[in-house]
Amino acid sequence: MRRQHPVFSLALCAALQSACSAAPPSAEPPPPPAAQAASGAAAAPAPGSAAAPGGAAPAPGSAVQVLEEVGGVTAASYAPRGFDRLTAGQRALAYHLAQAALAGDPLYTMQTSRYGWPATELMIRLLAQKDRLDPALRDRLSLFRKMLFLHHGIHDGRTGQKLVPPFSQQELEGAARALNITIPKDLLAGLFDPKVAPVVTNKTPDKGKDPILESAANHYEGVSSKDLENFKEKYELNGRIVKKGGKLVEEVYRAGGGGAPPGVGAKELGRVVKHLEDALALAPPAQQEPLRHLIAYLRTGEPAEFTEHDVAWLKQVFPVDYILGFIETYDDVRARKGGFEGLVFIADPERDPPLQALARSAQYFEQKMPWEAKWRRDAFQVPAAGAVVAIAATGDGGPFTFGGVNLPNAQRIREKHGSKNFVVLSTMDTRAALTSDRTIDEFAPEEVRAEIRRCARHLSFAGTAFHEVTGHGSGKVNPDLRADPAELLAPYYAALEESRAERVADWLTGDPKTVEIGLLPDAGCARVFPAYAAMAQLTMLKSVPQGDVAEEDHLRAELIAFGWVKDRGAVAVEVREGKTFFVVKDPDAWRKASGALLAELHRIKATGDREALKALVERYATRINPVWRDEVVARLKALNLPRTIAVIPPVITPIRDAAGKVVDAKAEQTTSLDAYIAALEQAWAG
């Protein structure tokens, strides 16, 4: 699961993705097309896309570079700090793992809707003959190509709502005819008919409507919720369910091999496997075991292989580490089907030590949890944890890359074997550089503004660290539960789990040990954390740009928390000089209320009390206050801050010996979004 909360990402719109569980790829093969993305001059923005807004200038001295704005998304890159500290062999391993992540990137676009990948292929074909296109239309097609890349399909990656192409259907059909390209009628409907696939995931459809049938996510075909009531699938994460001849059939994502035939995404997964096999030869012995299981899993699709992978992988953080596979289930209304993601990480040398101290203190903090003792873990392995820089982030992991993640998601594996946690500082720092101080000045109450500014970097880091290491990884459930809580509590489980993990952060940042281990610098920062969290809950309302329906699980998690503490008088809504603020008068009362909510959320998880969870969601988390949202949007617009930030990782270029073997690699900050996407497309075609 991911953390997606820190205020400087402006919450879900900029997604720090699991929360909690969202930067693209690096480029690849023979000869390295990646070099193009590194060396290409920054292209002039296309019409409809502008240079980054003036308010988006990075903080002084920041290594963050704004590339351009694309349809309201500010694409920004960062320097690959720490890469040069790796050995040559580790850098070569990083290259191969990055290419594996990159190779699977199209799979997530295929999963977001049935139209996402065909639309991407269509834009690639049209732009391959761009010299024959009218320049004005060519630029708008190029803009849409960037939108498809950033959002992995035809729906906004943050809101799930369908994107509006920057050209008409008539213009698109005319261009296709001129180039002798045929566009299927159903694709045209998917692109231009607002009634077709309007939203990726619809958890709250109109009365009488089916959430599966009303969702565009491509996990099911011809299947309704009723069809699945008594259906037990074998391939929960890495399958899709279709109806053929009146019968339900599972289609499996797999490359083929090891006795298994090719399945869905076989071409892409075959490339992933090839790069993983190259990585295997360079990996340290302890990392080879999980890689072998991962290769077997992607070949055969067998879930048992992925379980074996997780158990071996979570034991430690490696110098060059990864997340790869079908992982998070946010896009599935049933919370069963995993979106493909691939990320590669290296350690951040400055902030990794306090995170390790938190991991070593996990047992201490477990005993501080406000829920009943029977649900506290007494056998607690030190969680594997890393404060990291992403050098590749693809699929469901980028470019709206999350700030923190805790894996694996399976409760039974967590309880028995522990968990692994990453705090992705490249994401957090990039977004903070573009939004931090001015957001605080606008939305923090005056009496706490200076203190939040002073502590902001530490508060964001501490909140994410607690959320992942001692949030998702904490607690036990009743041993007699008939299924995993994720299944029993669907479709509300993800909102519960994100809120539970975030309330752990709210609760534990007040513990003196937080300062003792260096996660926060002093008690003053701990004292102001509630005001920081309340400010974030106000700014995150912008993640629903239209209407008042809240669908995204991280947003729902915070709506539950805000409504709960407000009902108990722990936060007040005040209008000062015409501006709304969420004000925490008494930090101790706020923490007490948050602790009570945390205890209730864990009780619900531990007992599988779906009705209690449904009541919480329906009371607090299905709707936002559109008046507050409109005000927040207007205030942010006046600041000229990025509406949404896509974090673009560095380009990894291989260094080969005379025989063509990769023996080293270099990482360079991305300087051109156009060149980056061109290199990506060459890698897919390789």
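The structure displayed is predicted, hence computed values, not measured ones. (Residues numbered from 1 in each chain as written. Predicted model: local features only at pLDDT ≥ 70, side-chain atom pairs only at ≥ 80, totals over all residues. Heavy atoms only, no water.)

(A) Broad picture of the nonpolar core. Counting 109 residues, the largest nonpolar core has Leu172, Leu276, Leu298 and Ile323 as its most contacted members. Top element by residues in this core is helix 2 (residues 88-103). It accounts for 9 residues. With residues up to four places along the chain from it excluded, the contact list for Ile323 reads Trp313, Glu341, Gly342, Leu343, Phe345, Phe402, Val405, Leu407 and Phe422. One finds Ala387, Leu489, Ile517 and Val632 within the second-largest nonpolar core, a separate group that totals 84 residues. (Core = buried A, V, L, I, M, F, W, Y, C linked by side-chain atoms within 4.5 Å. Buried < 20%, exposed > 50% of the residue type's maximum accessible area, 1.4 Å probe, protein only. Helix = DSSP H or I, 4+ residues; strand = E, 2+ residues; numbered from the N terminus. Contact = heavy atoms within 4.5 Å.)

(B) Looking closely at the environment of Arg449. Secondary-structure assignment places Arg449 in helix 15 (residues 446-472). For Arg449, a relative accessible area of 22% corresponds to the partly exposed category. A sequence separation of 83 residues divides Arg449 from Tyr532, and the C-alpha atoms of the two residues are 9.1 Å apart. Apart from residues lying up to four places away in sequence, Arg449 is in contact with Ile440, Asp441, Ala444 and Phe581. Within the local environment of Arg449, its side chain forms a polar contact with the backbone oxygen of Asp441, the two atoms lying 3.3 Å apart. (Polar contact = N/O pair within 3.5 Å; in protein donor to acceptor, adjacent residues only side chain to side chain.)

(C) Inspection of the sheet that holds strand 7 (residues 247-252) at higher detail. Taken in spatial order, the 3 strands make up an open sheet running 5-6-7, and their pairing is mixed. Each having just a single partner strand, strand 5 (220-221) and strand 7 make up the two edges of the open sheet. The pairing of strand 5 with strand 6 (residues 239-244) spans 2 bridges and is classified as parallel. Residue pairing for strand 6: Glu221 is matched across the bridge by Val242. (Pairing = 2+ DSSP bridges.)

(D) View of helix 6 (residues 169-178). Among the residues of helix 6, those classed as buried are Leu172, Ala175 and Ala176. Axial view of helix 6: buried residues confined to an arc of 100 degrees, hence all on one face. Residues of helix 6 that are exposed and point more than 90 degrees away from the buried face comprise Gln170 and Arg177. (Arc of directions from axis to C-beta.)

(E) Broad picture of the packing of aromatic side chains. Under the definition given, this model contains 16 aromatic pairs. Where Tyr297 meets Phe306, the ring centres are 4.5 Å apart and the plane angle is 20 degrees; that geometry is what we call stacked. The exposure class assigned to Phe306 is buried, which follows from its relative accessible area of 7%. Relative to Phe365, the ring of Tyr364 has its centre 5.1 Å away and its plane inclined at 80 degrees; by these criteria the two rings are edge-to-face. Tyr364 sits in the partly exposed class, given a relative accessible area of 31%. Looking at Phe365, the relative accessible area reads 0%, which means it is buried. In this arrangement the basic side chain of Arg576 is found over the ring face of Phe581, its NZ or CZ atom lying 6.0 Å from the centre. Taking the ring centre of Phe581 as reference, the NZ or CZ of Arg635 above it sits at 5.1 Å. (Phe/Tyr/Trp six-rings, centres within 6.5 Å; stacked < 30°, edge-to-face > 60°. Lys NZ or Arg CZ within 6 Å of the ring centre and 35° of its normal.)

(F) Quick look at the side chain of Thr120. Note on placement: Thr120 falls in helix 4 (residues 116-127). When residues no more than four places from it in sequence are discounted, the contact partners of Thr120 are Thr109, Arg145, Leu148 and Trp684.

(G) Seen up close, the confidence of the model for the protein. Chain-level pLDDT for the protein is 89 on average; 91% of the residues reach the 70-or-more range. Across residues 5-55 the pLDDT falls below 50, and counting only partners more than four positions away or on other chains, this stretch makes 236 contacts in the model. (pLDDT = per-residue confidence, 0-100.)

(H) Broad picture of helix 23 (residues 626-639). With 14 residues, helix 23 should cover 20 Å at 1.5 Å per step; its first-to-last C-alpha distance of 20 Å lies within 8% of that length. The inward-facing, buried residues of helix 23 contact helix 14 (425-443), helix 19 (523-539), helix 20 (553-567), strand 13 (572-576) and strand 14 (579-583). Put simply, Asn625 is the residue that caps the front of helix 23, since its side-chain oxygen is 2.9 Å from the backbone nitrogen of Val627. At the exit of helix 23 stands Asn640, carrying a positive phi of roughly 60 degrees. (Expected span 1.5 Å × (residues − 1).)

(I) Structural detail: unusual backbone geometry. Across the junction of Gly398 and Pro399, the peptide omega takes the value 5 degrees, indicating a cis bond. With respect to the helices and strands, Pro399 occurs in the loop between strand 10 (384-395) and strand 11 (404-407). Cis geometry is adopted by the peptide bond preceding Pro408, which originates at Leu407 and carries an omega value of 0 degrees. Notably, His152 is not glycine yet its phi reads approximately 55 degrees, a positive angle. With respect to the secondary-structure elements, His152 resides in the loop between helix 5 (135-151) and helix 6. The backbone of Glu577 sits at a positive phi, close to 50 degrees, despite the residue not being glycine. For Glu577, the position within the fold is in the loop between strand 13 and strand 14.

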